[in-house]
Amino acid sequence: MNRDEIIRLLGTTDADEVRALFQAADEERRGSVGDDVHFRGIIEFSNYCERNCLYCGLRRGNKAIARYRIPDDEILELAGSVRDLGIGTVVLQAGEDPTHSTGYICRLISRIKKATGLIITLSIGERPYEDYRAFKAAGADRYLLKHETVSPELYQRLHPDSKYDNRIQCLRWLKSLGYETGAGNMVGLPGQTLKILAEDILLMHEMDIDMIGIGPFIAHQDTPLAHTVSGEPDTVLKMIAVTRLVTRNTNIPATTALAVLDHGLQLKALTAGANVIMPDITPPRYKELYEIYPGRGKLSCDISAVIARWETDLHGIGRRIGRGPGGRR
Ligand code: 5AD
Ligand code: SF4
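Residues numbered from 1 in each chain as written. Chains lettered and ligands numbered in written order. Predicted model: local features only at pLDDT ≥ 70, side-chain atom pairs only at ≥ 80, totals over all residues. Heavy atoms only, no water.

Colleague: Can you help me understand the overall build of the protein in this one?
Modeller: The secondary structure content of the protein amounts to 13 helices and eight strands. Computed over the C-alpha atoms, the radius of gyration of the protein is 18 Å, within 12% of the 20 Å expected from 2.2 N^0.38 for a compact globule of 329 residues. Judged by the C-alpha coordinates and their principal axes, the protein covers about 55 × 45 × 35 Å. Buried positions account for 58% of the 329 residues belonging to the protein. For the protein, the share of sequence-separated contacts (at least 6 apart) that also reach a separation of at least 24 residues comes to 75%. When the accessible surface of the protein is summed, it comes to about 13,200 Å², and 52% of that surface belongs to carbon and sulfur atoms. (Helix = DSSP H or I, 4+ residues; strand = E, 2+ residues; numbered from the N terminus. Rg over C-alpha atoms; globule rule 2.2 N^0.38 Å. Buried < 20%, exposed > 50% of the residue type's maximum accessible area, 1.4 Å probe, protein only. Contact = heavy atoms within 4.5 Å. Areas by Shrake-Rupley, 256 points an atom, 1.4 Å probe, with all protein chains shown as cover.)

Colleague: Whenever I open this one, the site of ligand 1 confuses me. Can you help?
Modeller: The local shell around ligand 1 consists of Y55, C56, K146, E148, M186, P216, F217, I218, I292 and Y293. In this structure, a nitrogen atom belonging to ligand 1 sits 2.9 Å away from a main-chain N or O atom of Y55. Between a nitrogen atom of ligand 1 and a main-chain N or O atom of I218, the distance comes to 2.7 Å. In isolation ligand 1 has 400 Å² of accessible area, and contact with the protein removes 85% of it. Considering only residue class, the shell around ligand 1 consists of eight nonpolar, no polar and two charged. (Near = heavy atom within 4 Å. Polar contact = N/O pair within 3.5 Å; in protein donor to acceptor, adjacent residues only side chain to side chain. Nonpolar A, V, L, I, M, F, W, Y, C, P; charged D, E, K, R; others polar.)

Colleague: Help me out: how do you make sense of the pattern of salt bridges in this one?
Modeller: As a working rule, side chains carrying opposite charge can pair if their charged atoms are close by. Within the structure shown, the criterion is met by 27 salt bridges. For E96, the salt bridge goes to R51, with nearest N and O atoms at 3.4 Å. Remark: R51 occurs in the loop between strand 1 (36-46) and helix 3 (72-84) and E96 occurs in the loop between strand 2 (89-94) and helix 4 (102-116); sequence separation between them is 45 residues. A relative accessible area of 15% means that E96 is categorised as buried. Exposure remark for R51: the relative accessible area of 9% places this residue in the buried category. Across the salt bridge formed by D161 and R60, the nearest N and O atoms sit 2.7 Å from each other. With D161 in the loop between helix 6 (152-158) and helix 7 (164-176) and R60 in the loop between strand 1 and helix 3, this residue pair connects regions lying 101 residues apart in the sequence. Overall, D161 belongs to the partly exposed group, its relative accessible area being 37%. (Salt bridge = Lys/Arg side-chain N within 4 Å of Asp/Glu carboxyl O.)

Colleague: Please explain the nonpolar core as it appears in this structure.
Modeller: Note that soluble globular proteins tend to have their nonpolar side chains buried in a common cluster. Ranked by internal contacts, the top residues of the largest apolar core, which has 97 residues, are I43, F45, L92 and F135. Here the element with the most residues in this core is helix 9 (residues 233-247); it accounts for seven residues. For F135, the residues in contact, after removing those within four places along its chain, are T102, I105, C106, I109, L122, I124, R127, A140, Y143 and Y179. Residues I42, V91, L144 and M211 belong to the second largest nonpolar core, which totals six residues. (Core = buried A, V, L, I, M, F, W, Y, C linked by side-chain atoms within 4.5 Å.)

Colleague: So what exactly am I meant to see when it comes to the site of ligand 2 here?
Modeller: Taken together, the residues surrounding ligand 2 are C49, R51, C53, Y55, C56, L58, R59 and G95. The residue makeup of the shell around ligand 2, split by class, is five nonpolar, one polar and two charged.

Scope: geometric values only; no functional claims are made or implied.
Structural data, given as structure tokens:
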């Protein structure tokens, strides 16, 4: 699909056409990545962040939240519970915490790898090339770094203290180091157009991104975007469907932000091209402070119950929980 075709599909409100789009994406998903839905256990191990992204509740300018760091031994225990649940991947996610030295992160990775053998995905933001290399050598397998938006102007407006070019450079470094690399964008950012969204998809395709997280922007009360309208779920679902059709065999999560808007939306995403679920296994007392957007900390914390419910829900749509690492085919 070219840019204009993508723009037209993202903009359609014709119910038959939307249904046909979701069905085509679902068929592509079945053919290219199969019926397994892969689970990733997320540990949000620090909510300190030195950046000031306009949309995010963890921005350094937000003095209204208490900050925490989970002690190493507790992180290790949580990783053990991911393995015990039969999930193949642990995602270590944090704000850009200035106390996370290269050595600290490397030690954490190698301890988890040694103790659990799990696939390790890092999601700790922009770092120098040398850090990414060291993390890989210590045992990290994958890295998530959403590009957020393909538009340099919009990026600059939302990230007064960051550089668009550096973010793209980081993604290229990660790919070149052999990480399975994740990018992604938010839908419904103020000033965003369908043309920008179409270019988001084309950028990720062009860069051969392996994992693609697309979620709605959700306004957070303690940020400069407090009074902005949140993203449209329908547009997110269409983005997921078109992304599946364009990128074919990538791993695409039914994002947690969708579940915050409505529980049913994640299941809907799974029938419109998505094939991954990322349950948050951060203990409640930390999780409620990891408030990137409102409502996130209040999702169910009983991970066994969450998985049991998914087993039933997935069965209902003819799918099953995937076993093993679930890397890109
Ligand atoms: N709404 C939705 N997603 C958000 N993120 C940050 N703030 C918000 C928000 N208000 C997403 C960004 C970022 C990740 C940490 O969470 O895409 O990459
Ligand atoms: Fe920090 Fe990420 Fe939030 Fe930006 S989006 S403020 S880098 S946690």
